[in-house]
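The chain contents come next:
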Amino acid sequence: MPRRLTRRASALVLLATAAALSACVTPATAPPSSAGATPPPGQGTVVLRGTLQGLKFLNSFQLAVRPVAAVGAGGPGQGGARPVPLWSASSPGYWGSYYSDGPKGTVTTLTLPAGEYEVFSYSAMSGAWGGLRAVQAQTPFSRRFRVVDGEVTYIGHVAVVVRGDAGTLPSAGGALLLPAQVTVKDEAAQDLKDIGERIGGM
């Protein structure tokens, strides 16, 4: 499923990544927003869309990625895991979809050292009767991809569909563990279109 992008698509992604980074730093330290930009030496850029479906009153949602070499170094959340935020109160359409359990998320880019990785978990914060609860995957999963030095790789749309949410708080405290179906879809045309529109809106 993961695949390298064409030179034109790669330039578009790198431009979006540079623009997003420059919005978070001062002009004196902002990276160049150039279509000719490349990832730092020894690193590559990946594009993915992540969505979560099946939870109402969703406050936030993120996927987690980690190097495959780190598997076995610890439980979920250990071994060099990196969160990939995909939904929050600042996301477009947040309040309009707050009471819906439909899919919520976005397309994003991240730069990682070259190597083998996996998307292995998700976590979310969601409202419920009686307060706010953390929701996590009941069982681990693995969707692997490779980061290539100096290149842009499209991972796909990682779609998480949660099953069996009764809208209640966990009885014993801690995170609510729910079964989820995880699929990866090739939606490169739409995802790159959305990245292009994001650049146009900056």
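Quick caveat: nothing in here was measured; it's all calculated off a predicted structure.

How each quantity is defined
- Counting starts from 1 at the beginning of each chain's written sequence and moves along it residue by residue.
- Since the coordinates come from a predicted model, pLDDT governs what is reported: local features require at least 70, and pairs of side-chain atoms require 80 or more to be given and counted, while whole-chain, interface and lining totals use all residues.
- Hydrogens are left out, water is left out, and the side-chain values use all remaining heavy atoms of the structure.
- Classification of ring pairs rests on two measures: the distance between centres of Phe, Tyr or Trp rings, Trp counted by its six-membered ring, which must be within 6.5 Å, and the angle between planes, read as stacked under 30 degrees, edge-to-face over 60 and tilted in between.
- Under the scheme applied here, a residue whose accessible area is under 20% of the maximum for its type counts as buried, over 50% as exposed, and between as partly exposed, the area being computed with a 1.4 Å probe on protein chains only.
- Strands here are runs of E lasting at least two residues and helices are runs of H or I lasting at least four, both read from the DSSP assignment and numbered beginning at the N terminus.
- The contact rule is simple, with two residues in contact once any of their heavy atoms fall within 4.5 Å.
- The term salt bridge refers to a side-chain nitrogen of Lys or Arg lying within 4 Å of a carboxyl oxygen of Asp or Glu.

1. Brief notes about the packing of aromatic side chains
Per the counting criterion, the structure on display carries eight aromatic pairs. Seen from their ring centres, Tyr-94 and Tyr-98 are 5.7 Å apart, and the 45° between their planes marks the pair as tilted. Note on Tyr-94: relative accessible area 4%, which makes it buried. Look at Tyr-98 and you get buried, because its relative accessible area is 14%. On the basis of an interplanar angle of 50° and a centroid distance of 5.5 Å, the ring pair of Trp-95 and Tyr-98 is categorised as tilted. A relative accessible area of 62% means that Trp-95 is categorised as exposed. Through a chain of ring-to-ring contacts, three or more aromatic side chains come together here, namely Phe-57, Trp-87, Tyr-94, Trp-95, Tyr-98 and Tyr-99.

2. Structural notes on the side chain of Thr-108
By the secondary structure assignment, Thr-108 is in strand S5 (residues 104–113). Those residues within four positions of Thr-108 in sequence are excluded, and the remaining contacts are Val-46, Val-47, Leu-48, Val-84, Leu-86 and Arg-198.

3. What to know about unusual backbone geometry
Non-glycine residue Phe-57 carries a positive phi angle of around 55°. Tracing the chain through its elements places Phe-57 in the loop between strand S2 (43–53) and strand S3 (58–67).

4. Comments concerning the pattern of salt bridges
Scanning all chains against the criterion turns up six salt bridges. Ionic pairing is found between Asp-191 and Arg-49, a salt bridge with its closest N-O pair at 2.5 Å. On the criterion of sequence distance, the pair formed by Asp-191 in helix H2 (residues 188–200) and Arg-49 in strand S2 is long-range, its members being 142 residues apart. Accessibility classification places Asp-191 together with Arg-49 in one group, the buried group. The salt bridge involving Arg-133 is made with Asp-165; its shortest N-O contact spans 2.9 Å. In this pair, Arg-133 sits in strand S7 (residues 131–137) while Asp-165 sits in the loop between strand S9 (152–162) and strand S10 (176–178), placing the two residues 32 residues apart along the sequence. Through salt bridges with shared partners, a single ionic network connects Arg-49, Asp-191 and Asp-194.

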